[in-house]
Structure formats: C-alpha cells, structure tokens
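Topology and contacts: notes
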Amino acid sequence: MISTVYEKEKREMRQVYAETILELAKANPEVIALEADLMSAITTNKIKAEIPNQLINSGIMEANMMGVAAGLSLTGKIPYVHTFGQFATRRTFDQLFVSGGYAKTNIKILGSDAGITAEHNGGTHMTFEDIGLMRLVPQAHVYEASDSTMLGYLLRRIEKEHGIHYIRTIRKNAVKLYEENETFEDGKGKLLRDGCDVTIIATGIMVAEALQAADILERQGIHAAVIDMYSIKPIDAELITEYAQKTKAIVTAENHNVIGGLGSAVSEVLAENHPVPMYRIGVREQFGQVGKVDYLKTYYKLTNTDIVEAVQRLIEK
Amino acid sequence: MDLEKVERFRDEIRLKTLQELHHLGFGHYGGSLSIIETLAVLYGDVMQVNPTDPMWEDRDYFILSKGHGGPGLYAALAVKGYFPEEMLYTLNQNGTKLPSHPDKNLTPGVDMTTGSLGQGISAAVGVALSHKLSERKNKTFCIVGDGELNEGQCWEAFQFAAHHKLHNLFVFVDDNKKQLDGLTKDIIDPIDFAAKMDAFGFYTCKVDGSDVGDIHQAILQGMNQKEKPVAIILDTIKGQGVRYLEELADNHHIRPNESDTAAIEQAIHELETKLKQEVGG
Ligand SMILES: Cc1ncc(C[n+]2csc(CCOP(=O)(O)OP(=O)(O)O)c2C)c(N)n1
Ligand SMILES: [Mg+2]
C-alpha cells in the first residue's frame, strides 16, 4: 500500500482497460475484445484502428454478445467482453450462466460503472446486484478492482486462466492504493492496515472510505484493520477468520446491495468458521437513481462516517 | 390537424429541450432532438390525453422505449401542461423527478419506466394487448431507436404484436442512422427497416421524420386498417432541427465545448425569436 494520502489517480480505469486490451491483443492473436455499443464510454474506440480484427462492436445486443463470446472460446479464442455492469450481468444472466458457466467455456467479463458511479444514468443503469448474481455462477471468479494497478494486473492474469471471470470496476479515476509492482492473486485479500479492535473489509470505491474511517477511528483510540477484499469469489476465508479471531468485530463496506455481495460472502465465512459481531455497510432494499456520487454516497449511507458509526455501535455492544 | 398549431408546438418542445439540456450542461442531445416532430404530432394532435389527469383511463399510452430521449419527452410533457416548465431545470439534479431515463413512478405523464434498451417496446405490446383483450379504444404509441433495434427483444415483441394483430399499436422507428459509437451501418447494418417490419407482419410506411404533416398522414393511414400493428419508419437526423448539432459527428451524448455552447445558445435564441414573432404577427 502506498500512503495514507487519498489521492485520485491520473489514469482512468477505462484507460487501463483499453490499454491493457491493446497490449494483450497485440501479444496474442487469440484475444478478442467484444463491445456492445459502449466503446466510447470505455475508450476502446481509441484502440480500434490498431486491432481492427480483435475488437468487435457487437451492437446493442448484450445477450447475443455473451453467446458469441462463448462460441469464440470454443475454438480457442480468449474473449474479453465489456459493457456496463448491469447489462453484463442482469441483462445476459442466462446466456452467461448456460453458454458460459454451465458449458464451461472461457469468458472474461468487465462490468463498468460500478454501483453509484453510474451517476446521471440513474436507476436503469445502476447495479447493486452484479456481484451477487455472478457469485451464484458455480466456479465463476468474481473481483472488484479498487485501483488501476489492480485492474491492469487482474486483466493480464485472467488471460491465462480458463473459466468465467467477472471484474467490476468504475470507469473513471480511482483512489491510488497500490504500487505498480503489486500482485493480486485469486482468492486473496490485501491487508492494507493492521489493527486490533475491529476489521473493516471493503471493495472498490469503499476501500478508500474504509481507510478514511480507520484514520478517524484511530483518533478516537480505536485501532481498525482494513482489508481490500478484491477477490470476492473465491474469498480469502483464512484471512477473514484470522481477523475475526484477532479483532472480534467486522464491518464490511460495499457499493452494492448488502444481499449477495461482499457482506454476504464475509458473513457466510464467519457464520461457518468463527461468528463475531458484524455489520454490513451497503445498499439496503433500494434501487438506483440519478445523482452525483457524493449525493448518492450520503443517500445510500456509503460514507466513511457511516463506517465509523457502524464500528462504534459494534464496539459498544 | 391544425398544422400551424402543431408546428408551433414542435418549436416550443425543441426550444425547451435545448434549454433543459443547456441548463444541465450535458446530455443526450442527438436522440432527444430527432423525436421532437413525432412528439409534437402525438401530443399536439393525435393522442387522447389529459395533462390534468395523467392516469385518465381512456387515455392513449406513450412509451419512449429509447429512454435516453427522456429530455425531449419531458419538454413535450411540460409544454403540454403536465407539470410546470421550470421543473425542466431540475433534469438530473440530485433528488429530481426528471432523471435521464423516464421513470413512471416519478414523472406525471410517463407511462412506463425505460432506459434499458429493448424493454419499452415489450411493455408497449403488453399495454396494446390488454386494451385489445378488454375491447377498449385506447391506442399505444411507442418510439424505438434504430440502434435499439439491435436488441433481439424488440424483434420478439414485433413477432408477438403481429401474431396478436395489435392494430392499436403504433411503433415509430427513429431511423437517425446513428447509435452510441457511430453509424448504425458500421456497427450493425440495419439493411432495410421498412422491409424488415413489413416481413414481420406490420403495416409499414416510411416518412420524413422532420415533417409533422407527413408523420400525421402516416398515422392516419395506419389507423384506417384494423388488421396489423403499425410501423412508421422515421427518416430523421440525429440532432435534428439544429444544423450545427446535426453536423456534429459525435452527437449522442454531448458535453458542449465553447463552440458547441455558442451554437446551442444561438439555436435557443433563434427559436425564441421565431416563437415571439409568431405571437406578434
Ligand atoms: C440494454 C442497453 N444497452 C446499452 C445501453 C446504452 N446506450 C444508451 S443509448 C445507446 C445507443 C442507442 O442508439 P439509438 O437507439 O439509435 O438511439 P438514438 O440514436 O436515438 O439516440 C446505448 C448503447 C442502454 N441504455 N441499454
Ligand atoms: Mg439512432
């Protein structure tokens, strides 16, 4: 981890995607990127001329795109599929479940505009369910990228691994968390900050909120550990259990519904291994809506203040 | 149809659409502007609706399946009197009743929530089927985008509508030749929408989508037959009615730069002047 200064990166996540796809496609003719009329949103339009036969705009047909990706993989191609998260998952779920997961084909999926970062696209475009849906696909790997180093690393790593891989990301600038040489294994969490009173487990944009919450708690004499649980499935049960034993209380924080996502995954591990008091920060029984990120963070109770208050309530118990 | 009245209504809707998006500072200009003439004919003449009673049972239904054209629809609803025109300036603001994509639970006059392309047309078919089954007179009008027709769901809806002979359903294809990433012919070539709709069992005609008279005529013809659902292919231009925006290559979602802003302000000024002169003259 770099520092406790929470600065936005210069490189947008979408830029990382486009540049990494270009690099992978140039190095391996079997890599094929598929888009569904959202190339300009993820900036792959800028690399189209360089890899015209390895980057295909399949039009606004997400379900078909997923099926085509499955077909491509039958003959050894390595398809990377991108669209906004809700279209990548909700919209194509049976296709990715059957032609993807069940048929054991090989599809890499990027779902962009995670949760509230869909901002002015509003409720139809705001997904708080994608992680939950993807966790339900047997043997699928489910990640949420929290910064550009991680996104680039994951995109490169999964090229070599067979199966269904889903990476959730924001499109624009993340907060810088990792040094360029950091590595991100499957099924591991990253301990970003150690502590002995409580553990905050977060993903995506909530990692920075968790670190800020830990700073505030430290000033109150509460020592919080912070884990970036980018690999939501498989999940790092060992690390969760270790910190449940060590800190005795756990708060999860996700830009997602508390049902089905990180909070569920962590509580499942705790319930079966080492139950401790816990609270899940996340969206509860609500749909998306239009608004700026700061407004939505407050509305859905996804701020560092919400994390701090949850910790205080748990510790008082 | 009172042509002068509908043309004036059209200009008012276009003006309000531009003012609304200009106030917000970004948005789906291209696809909002290409449906203004159709909205003007529907809300200005054809549709039986009551702005003071948006849920009136006997009303005709309107579903904007290409939901990102919401700002155009909102302008039409405001000018028609569903809600105060000032509300247009809340477009997309935190806590707004006018989100990017229409939401039936937020906005008076919006019959169905749309924005995930391909879904509105199926709902429109359901509404039309319901009215047919109940032997009611209500008609259903639905606008789909040419890019939206990439979605297989649209073609499922069309098969269903034709099979059930939903002559009370009017589907407008906003054939503005562009989708989000560029020209439809470069992404998924539509080849020939009219031939496709005809083959799918629709009473089909193709009209100049910038001519309110032609659009009106096509609707009347469609109403004169009781066998088939109606498809009207609108030959339109993305950004229609503002020359500068029509010629702008990337005009799906615009965050205007300085020269874009100047052109948009100029268009607003021209429409305001025109509307004032008409009142004066
Ligand atoms: C299912 C779905 N996929 C993708 C999008 C993102 N999107 C919004 S508008 C658009 C292009 C639509 O093109 P078209 O239907 O031709 O609309 P118009 O040209 O009238 O703006 C896309 C891909 C969406 N809203 N819904
Ligand atoms: Mg179009």
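All figures in this text were calculated on a predicted structure; none of them were measured in a lab. All residue numbers refer to position in the chain's written sequence, counted from 1. In the order they appear in the text, chains get letters beginning with A and ligands get numbers beginning with 1. Reporting of local features is limited, given that this is a predicted model, to residues whose pLDDT is at least 70; pairs of side-chain atoms are given and counted only at 80 or more, and all residues count toward the totals for whole chains, interfaces and linings. Hydrogens and water molecules were not included; the side-chain quantities draw on all heavy atoms of the structure.

1. Considerations on the sheet that holds strand β10 (residues 231-233) of chain A
Residue and element names in this part refer to chain A. For clarity, the cut-off: Pairing between strands is defined by DSSP: at least two bridges between the two strands are required. A run of DSSP states H or I qualifies as a helix once it reaches four residues; a run of E qualifies as a strand once it reaches two. Both are numbered from the N-terminal end. Each axis is a line fitted through C-alpha atoms, and for a helix only the stretch in contact is used; angles between axes span 0 to 180 degrees, taken between their N-to-C directions.
Pairing is mixed in the open sheet, where seven strands are placed in the order β2-β1-β3-β4-β6-β5-β10. Single-partner strands in this sheet number two, and they are β2 (55-57) and β10. For this sheet, the mean angle separating the axes of adjacent strands, direction not counted, is 20°.

2. Details of empty space enclosed by the protein
Here is the rule we go by: Here a cavity denotes grid points, spaced 1 Å and computed from the protein atoms alone, that fit a 1.4 Å probe unable to get out, and a pocket denotes an open set having protein on both sides within 12 Å along at least 5 of 7 lines; residues with an atom within 4 Å of a point are the lining. Grid points are joined across faces, edges and corners, and a volume is the space filled by probe spheres set on the points. In the scheme used here, Gly and all other residues not listed as nonpolar or charged are polar, with Ala, Val, Leu, Ile, Met, Phe, Trp, Tyr, Cys and Pro taken as nonpolar and Asp, Glu, Lys and Arg as charged.
Tallied over the full model, the rule gives two cavities of 30 Å³ or more. Empty space within the largest cavity amounts to approximately 50 Å³. Forming the boundary of the largest cavity are H120(A), L21(B), L24(B), F26(B), G27(B), H28(B), H68(B), P71(B), L91(B), N92(B), S100(B) and H253(B). Each residue belonging to the lining of the largest cavity can be placed in one class, and the counts come to five nonpolar, seven polar and no charged. Of the volumes computed, that of the second largest cavity is approximately 40 Å³.

3. Thoughts on the site of ligand 1
Defined as follows: If a single non-hydrogen atom of a residue is within 4 Å of a molecule or strand, that residue counts as near it. Residues adjacent in sequence count toward polar contacts only when both atoms are side-chain atoms; beyond that, a polar contact is any pair of N or O atoms within 3.5 Å, and within protein one must be able to donate a hydrogen and the other to accept it. Each accessible area is a Shrake-Rupley estimate made with a 1.4 Å probe; only the visible protein chains count as cover when residues are assessed. In this scheme, a molecule is assigned to a cavity or pocket if more than half of its atoms are within 2 Å of the grid points.
By nearness alone, 24 residues border ligand 1, and E62(A), K66(B), H68(B), D146(B) and K238(B) come closest of all. One of the backbone N or O atoms of L117(B) is found 3.0 Å from a nitrogen atom in ligand 1. A distance of 2.7 Å separates an oxygen atom of ligand 1 from a polar atom in the side chain of K238(B). Coverage of ligand 1 by the protein chains reaches 99% of its 590 Å² of free accessible surface. According to the grid-proximity analysis, the pocket containing ligand 1 is the largest pocket. Class assignment of the residues belonging to the shell around ligand 1 gives a composition of four nonpolar, 10 polar and 10 charged.

4. Focus: the packing of aromatic side chains
Residue and element names in this part refer to chain B. Put simply, the test is: Planes of paired rings set the category: under 30 degrees apart is stacked, over 60 is edge-to-face and the rest tilted, where pairs are Phe, Tyr or Trp rings (Trp by its six-membered ring) whose centres lie within 6.5 Å. Relative accessibility thresholds used throughout: buried, under 20% of the residue-type maximum; exposed, over 50%; partly exposed, between the two (1.4 Å probe, protein chains only). A ring is scored as having a charge over it whenever the NZ atom of a lysine or the CZ atom of an arginine sits within 6 Å of its centre and within 35 degrees of its normal.
Per the counting criterion, the structure on display carries 15 aromatic pairs over all chains. Consider the rings of Y43 and Y82, whose centres lie 6.4 Å apart with planes at 90°: the pair is edge-to-face. Of this pair, Y43 sits in helix α3 (residues 36-46) while Y82 is found in the loop between α4 (70-80) and α5 (119-133), placing the two residues 39 residues apart along the sequence. Here the two residues Y43 and Y82 agree in accessibility, since each one is buried. The cationic tip of R59 hangs over the ring face of Y61; the distance from NZ or CZ to the ring centre is 4.1 Å.

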